[in-house]
Amino acid sequence: MIKTVGFDADDTLWHNEPFFGEAQAALIEVLKDFANGSDVAGVLLEMQRRNVPTMGYGIKAFTFSMMDTGLAVSGGHLDSSAMVDIMNIGREMLAHPVDLLPGVADTLEGMAGNYELVLITKGDLVDQERKVRLSEVGNWFSHVEIVSEKRPQTYEAIFGRFGSLNHSAMIGNSAKSDALPAVRAGAWGVHVPYEVTWELEMVETVPDHPRYFEAKDIVHAAEIIKDIEP
Ligand SMILES: [Mg+2]
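Residues numbered from 1 in each chain as written. Predicted model: local features only at pLDDT ≥ 70, side-chain atom pairs only at ≥ 80, totals over all residues.

What follows concerns the packing of helix H1 (residues 17-30) against helix H2 (residues 37-55). Two quantities define a packed helix pair, namely the angle between the helix axes and the distance between the axes. Taken N-terminus to C-terminus, the directions of H1 and H2 make an angle of 120°; their axes are 9 Å apart at the nearest point. Our classification of the angle between H1 and H2 gives oblique. Crossing geometry of H1 relative to H2 is assigned as right-handed. On H2, the residues that touch Gln 24, Leu 27 and Ile 28 of H1 are Gly 37, Val 40, Ala 41 and Leu 44. Residue classes in the contact of H1 with H2 are distributed as five nonpolar, two polar and no charged. (Axes fitted to C-alpha atoms, helices over the stretch in contact; angles between N-to-C directions. Helix = DSSP H or I, 4+ residues; strand = E, 2+ residues; numbered from the N terminus. Parallel < 35°, antiparallel > 145°, perpendicular 65-115°, else oblique. Left-handed = near helix turned anticlockwise from the far one by under 90°. Contact = placed C-beta atoms within 7 Å. Nonpolar A, V, L, I, M, F, W, Y, C, P; charged D, E, K, R; others polar.)

This part takes up H2. Along its 19 residues, H2 runs 25 Å from first to last C-alpha, staying within 8% of the 27 Å computed at 1.5 Å per residue. At Arg 49, H2 shows its maximal bend, which comes to roughly 25°, and the proline Pro 53 appears one to four places after that position. Inspection of H2 places Val 40, Val 43, Leu 44, Met 47 and Gln 48 among the buried residues, and these make up the whole buried set. In the stretch just after H2, Gly 56 is the one whose phi turns positive, near 80°. (Expected span 1.5 Å × (residues − 1). Bend = angle between axes of the 7 residues up to and from the residue. Buried ≥ 20, exposed ≤ 12 C-beta atoms within 10 Å, placed from the backbone.)

Attention now goes to the pairing of strand S5 (residues 188-191). Of the two faces of S5, both are covered, the one formed by Trp 188 and Val 190 as well as the one formed by Gly 189 and His 191. Bridging between strand S4 (residues 168-172) and S5 involves four bridges; their strand directions are parallel. Looking across to S5, one finds that Ile 171 is bridged to Val 190. Relative to strand S6 (residues 212-214), S5 runs parallel, the two being bridged by three bridges. By the bridge assignment, Gly 189 is partnered in S6 with Tyr 212. (Pairing = 2+ DSSP bridges.)

Let's shift gears to the domain arrangement of the protein. Domain boundaries assigned for the protein yield domain 1 (4-15 + 98-227) and domain 2 (17-93). Between domain 1 and domain 2, the C-alpha centre-to-centre distance is 28 Å. Tallying the contact residues gives twelve residues for domain 1 and twelve residues for domain 2. When grouped by side-chain class, the residues that make up the side of domain 1 that touches domain 2 number four nonpolar, three polar and five charged. (Domains from an automatic or database assignment.)

Listed below in structure tokens is the structure:
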């Protein structure tokens, strides 16, 4: 049976992506004299794509991308008060409460006695630590790993420390960052889609693979893990 279970955090254990949608709506409002909403959204996505390789994931990089977007759509004419408004959108995101998704607490409570649970998340170090603390998921996870990117080698290194990859599984809302790289590393992967997926986490096709599963929610994911026979 599976011995180690990795969990993604954002949009797997708690809501996250909707906050970015709200922030984008606020940015569109700040920039409404310069461009329409869909143009702002398009530039913002392009700025994020550009900034991820050097800045990574999370709210700080997103705030930088919002500032880039403001400068781009205004042709450099954004005044300092609008820039302050944009920075404040980011600051407010860093103060959001943390709400666990339905079924998460009971599922983690049930699994903690049977598996070694490892939280594996990417994003801002300080913000991810804040969310781990506020959510109190530390009660169930024996280890918390905050990483800059989720590649097969990331899972190989983390799961390798706890035992064999063959006896490890990763659960998360991103097929691209959670389930697939874990499978490529030699572990098992369970994709639990969230209501919205960030464009940069989209995958065009998901390969049919004996170690890859789709679950409808976290309760279903736990059932899948229980039935895996490495
Ligand atoms: Mg996620």
